[in-house]
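Architecture at a glance
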Amino acid sequence: MSAGTPPTIPSSLQIYNSYVEDPIWQGKFTTIWCSILALAIAASVPSLVRSLRNGRSLKGFFGVSEDLHRRGYTTMTDDEKLSPPRISKASKFWYSAISVRQWTLPYVELNAGQLFILASYLALTRPLVSNPNRAGFLALAQFPIVFLFATKNSILSLLLGPGNGYEKLNFLHRMAGRLMFLGGCIHGSLWIRNHLQYGLPILGQQKETSGVASLTLLCIIVLSSLRPVRRMFYELFFLVHVLIFVAFFVTVCYHTIYASPWIFPPLAFYGADMLLRMLRYRFKDATLTAQDNFMTMVRINDCDDGWLGGQHVRLRVFFSGRVLESHPLTILSAPPSHSCLSNPGMILGSRVNGDWTRALNDFTRKEQERLQALDKTSENASVPIQVMLDGPYGGSSVDLGQFESALLVAGGAGVTFTLGPSRRHRGQMPDAKIEFAWCIRSFGHIAWFAPMLMDIAKTALKSSIDLHISVFVTCLCDPEAIPPIPNSDVTMVRPSVHALLQDLTNSPSASYASSVEEKGEKQAVQLDWVDQGGGVAVCACGPESLTREAQNAVARLGVRRGLELGGVAIHVENFTL
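Presented here is an overview of the structure given in this document. This is a predicted model, so every value here is computed, not measured.

**Quick notes on the sheet that holds strand β3 (residues 312-317)**
The strands making up a sheet associate through hydrogen bonds between their backbones, and the pairing can be parallel or antiparallel. Read from one edge of the open sheet, six strands run β4-β3-β6-β1-β2-β5, paired in antiparallel fashion. Every interior strand has two partners, whereas the edge strands, β4 (327-330) and β5 (346-351), have only one. Taking the axes of each pair of neighbouring strands and ignoring which way they run, one obtains an average angle of 40 degrees across the sheet. Inspection of the sheet shows strand β1 (residues 282-290) paired to strand β2 (residues 295-300) by five bridges, in the antiparallel sense. Looking at the pairing, A286 lines up with I300 of β2. Against the sheet, helix α15 (residues 446-461) makes contact with β2 and β5, and its axis sits at roughly 40 degrees relative to β2, the strand it touches most.

This is the structure:
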C-alpha cells in the first residue's frame, strides 16, 4: 500500500546549507557585474568604431615602433582639408547628458559618475552582512574584479575605447579590494565570535589557522595600499602588494576548497598582462637635457610611430644603480608624421617631484657639466643614456579633430599632456579654434617648453587654426624670462577655468568678460567666441584642484547649453599615486 509522497518541509524550517546556497550568491553577483560591464562596453561601441576608423584605438597596442620611411610633418593643403565637423544628434545628446556626471567634490578624487558606479557596486554586495559564510564567499568572488581592473594591459581598456587606460579604471580595483577585506573581516570576526561563545580554540586546526593567516595578509595589503602610504613609500607598497598577494592566494586555498576556482581568472588576467608587456618592452638609446633644477627633458631615439600625444610610458633609465625603478612619464610630442616640431620625435618631460626625478635631474646636470668641460664650445650638451620603455598607455578620450573648438588647460608640468593633443589638430578643420591655457608658478618655467610652443604657434599662423596661448603666472619670479611666442599673452593672474570656458562658448554680443584674480583685483580676459553647433572639447591636466574645477565647469554648462554648442566633451588627466 502506497503511503503517498513525503511531506514537504517548509523553507522556514529547513536547515540552511551555506555550502549550497552561498555559491549561488557568488554566481548571481558575478552575473550582475558582468552584465553591467557588458552594457558599458555596448555603450562604448560607437566611440570604439570611430577610434578604429581614425587609427586611435590600436595605436601603440604592440608598443612604439621605428618608421623606416622617415615621413615628416607636412601642412595640409586646402584640397586636403576636411569639411567642418558634423556631430550627430545622438552624439550631441550623449556628450551633453554625460557632462552632468563630471561634478566633483574636493578631496574625493571621484566624479559623480564614478561615485554612482561605486554605489551600485556596494548595493550588489549588500548580502555580505546576512551570515558569516556568505561574506566569505562573496569576498572570494571579488578576485576577478580586483585583477581585471588592476592590470595595465586589460582587455577593457581596448573595448571601452581610447582614454580608458588602467589609471582610469584603477578606482574599481581599489574598491573591490576593500570590499574583499570587508567581507573577510565580517566572515572572520563572526566565526571568531562563535568560537569564543562555544569555547572552541581559534588557532590549531588547519581551517581556522589558515583563515586567520589569510585575513592578516589581506589586512597588510589593504593598510599598505592606503593613499598616504602609497605616496610616501611607493616601493614598499609595490613590494608588499606583489609578494603578500602570492602568500594570500596560498593561504586562502588552504583555508577553503571553494577558493581554487576563483584563482584561475586572476592568473589569466595577470598572465595576459605580462605577455603584452613583454611585447611592448623597448630598449632604446636616449638623451637627457636638464632645462634647470626642476625639469629634465628625455628624448628617445628611433621612436617614430606607435603612440599618440598625451599617452604615457613607464620609463626605466639606467643610471646610478637605479635600474629597477620605472616611472610613468607623459609623451609631450606627437609622432613625426603629425608633429610640427622642428626636431620631432618622442620627448618626455620629467618634473622634479620625488627622489627619483631629483636624482635624474642631478645626474643630468653633473654629466652636462662634465661634457661641457671636455668641449668648451658645446652649450646645453645632451647626455647619452640607455632606457627601457613600457607602453604606451592611456591617452585622451577626446579626439580634438572631431570638434570645432577646444580648450586645453594645464597646470605646471601638466602641460606635457596638453601639448601632445594640441599638435594633432593639424589644421584639418577649417576655422578651428583652440585656446591653450597654462598656469605656472614662475615666468622662468615658460622656457621649459618655449621652443615647442613657438613651433606650434608658427604652424598655426600658416594654417586655418585660430590658436591663442594664455600663460598665467601666479608668482612674480624672473619676469624678464618671457620668450616671444606668437599670438600669446602672459599675465600674472590666477585663472578661472569656468570663466575661460564661458568666454569660449559665449557670443561676443553677450559682452561677457571673464574675471581672474590678481592680488584681489579683477582683470578682464576676452577670448574668441566659438560658433554654435561644432562641439567643444575640453582637456585638463595638472593638480587635482585644477582638474576638479575643469570638470565642474563643464557640468555647470548643463544639458541644454551643451546641445546648443553641439556637445561638450571633457578629458582630465591627474596621474597620482
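Text resumes after the structure shown.
**What to know about the side chain of H445**
Tracing the chain through its elements places H445 in the loop between β8 (433-440) and α15. For H445, a relative accessible area of 12% translates into the label buried. The contact partners of H445, leaving out residues within four places of it in the chain, are R351, W438 and I440.

**Focus: the packing of helix α9 (residues 206-224) against helix α11 (residues 234-255)**
At a minimum axis separation of 9 Å, α9 and α11 run at an interaxial angle of 160 degrees. Classified by the angle their axes make, α9 and α11 are roughly antiparallel. In the crossing of α9 with α11, the sense of the turn from one axis to the other is left-handed. Along the contact surface, α9 presents Q206, K207, S210, G211, A213, S214, L217, L218, I220, I221 and S224, while α11 presents F237, V240, H241, I244, F245, A247, F248, T251, V252, Y254 and H255. Looking at the contact of α9 with α11 residue by residue, the classes come out as 13 nonpolar, eight polar and one charged.

**What about the packing of helix α8 (residues 166-197) against α9?**
Running from N to C, α8 and α9 point in directions that differ by 145 degrees, and their axes come no closer than 10 Å. In terms of crossing hand, the pair formed by α8 and α9 is left-handed. Judged by residue contacts, G177, M180, F181, G184, C185 and H195 of α8 engage E208, L215, L218, C219 and V222 from α9. Of the residues in the contact of α8 with α9, the class split is seven nonpolar, three polar and one charged.

**Comments concerning the sheet that holds strand β10 (residues 488-491)**
Here we have six strands laid out as an open sheet, ordered β10-β9-β8-β7-β13-β14, and parallel in their pairing. Either end of the sheet is taken by a strand with one partner, and the two such strands are β10 and β14 (568-573). Put simply, the sheet's adjacent strands are angled 10 degrees from each other on average, direction ignored. Bridge count for β8 against strand β9 (residues 466-473) is eight bridges, and the pairing is parallel.

**Quick word on the pairing of β1**
Where β1 and strand β6 (residues 383-393) come together, seven bridges link them in antiparallel fashion. Its bridge partner being in β6, L288 is matched across the sheet by V383.

**Considerations on a nonpolar patch on the surface**
A surface patch of nonpolar side chains, amounting to about 430 Å² of accessible area, comprises F62, L275, M278 and L279. By the secondary structure assignment, M278 is in helix α12 (residues 264-280). Classification of M278 as exposed rests on a relative accessible area of 56%.

**Examining the packing of aromatic side chains**
Counted by the stated rule, this structure contains 15 aromatic pairs. Ring plane angle 90 degrees and centroid distance 4.8 Å describe the contact between F61 and F62, whose orientation is recorded as edge-to-face. When the ring of Y234 is compared with that of F237, the centres are 5.6 Å apart and the planes differ by 50 degrees; the resulting orientation is tilted. Of this pair, Y234 and F237 both sit in helix α11, separated by three residues, roughly a single helical turn. Here the aromatic residues F143, F147, F245, F248 and F249 are joined through ring pairs into a cluster of three or more. In this structure, K28 packs its charged tip against the face of W25, placed 4.9 Å from the ring centre. Between the NZ or CZ atom of K152 and the centre of the ring of Y166, over which it lies, the distance is 5.0 Å.

**A closer look at the nonpolar core**
Ranked by internal contacts, the top residues of the largest apolar core, which has 38 residues, are L419, F436, W438, F449, L467 and I469. Among the elements that take part in this core, α15 stands out by supplying nine residues, more than any other. With 36 residues, the next largest nonpolar core counts L140, F143, L172 and L179 among its residues.

The rules behind the values
- Residues numbered from 1 in each chain as written.
- Predicted model: local features only at pLDDT ≥ 70, side-chain atom pairs only at ≥ 80, totals over all residues.
- Heavy atoms only, no water.
- Pairing = 2+ DSSP bridges.
- Helix = DSSP H or I, 4+ residues; strand = E, 2+ residues; numbered from the N terminus.
- Axes fitted to C-alpha atoms, helices over the stretch in contact; angles between N-to-C directions.
- Contact = heavy atoms within 4.5 Å.
- Buried < 20%, exposed > 50% of the residue type's maximum accessible area, 1.4 Å probe, protein only.
- Parallel < 35°, antiparallel > 145°, perpendicular 65-115°, else oblique.
- Left-handed = near helix turned anticlockwise from the far one by under 90°.
- Nonpolar A, V, L, I, M, F, W, Y, C, P; charged D, E, K, R; others polar.
- Patch = residues over 30% accessible without salt bridge, like charges linked within 9 Å, V, L, I, M, F, W, Y side chains within 5 Å.
- Areas by Shrake-Rupley, 256 points an atom, 1.4 Å probe, with all protein chains shown as cover.
- Salt bridge = Lys/Arg side-chain N within 4 Å of Asp/Glu carboxyl O.
- Phe/Tyr/Trp six-rings, centres within 6.5 Å; stacked < 30°, edge-to-face > 60°.
- Lys NZ or Arg CZ within 6 Å of the ring centre and 35° of its normal.
- Core = buried A, V, L, I, M, F, W, Y, C linked by side-chain atoms within 4.5 Å.

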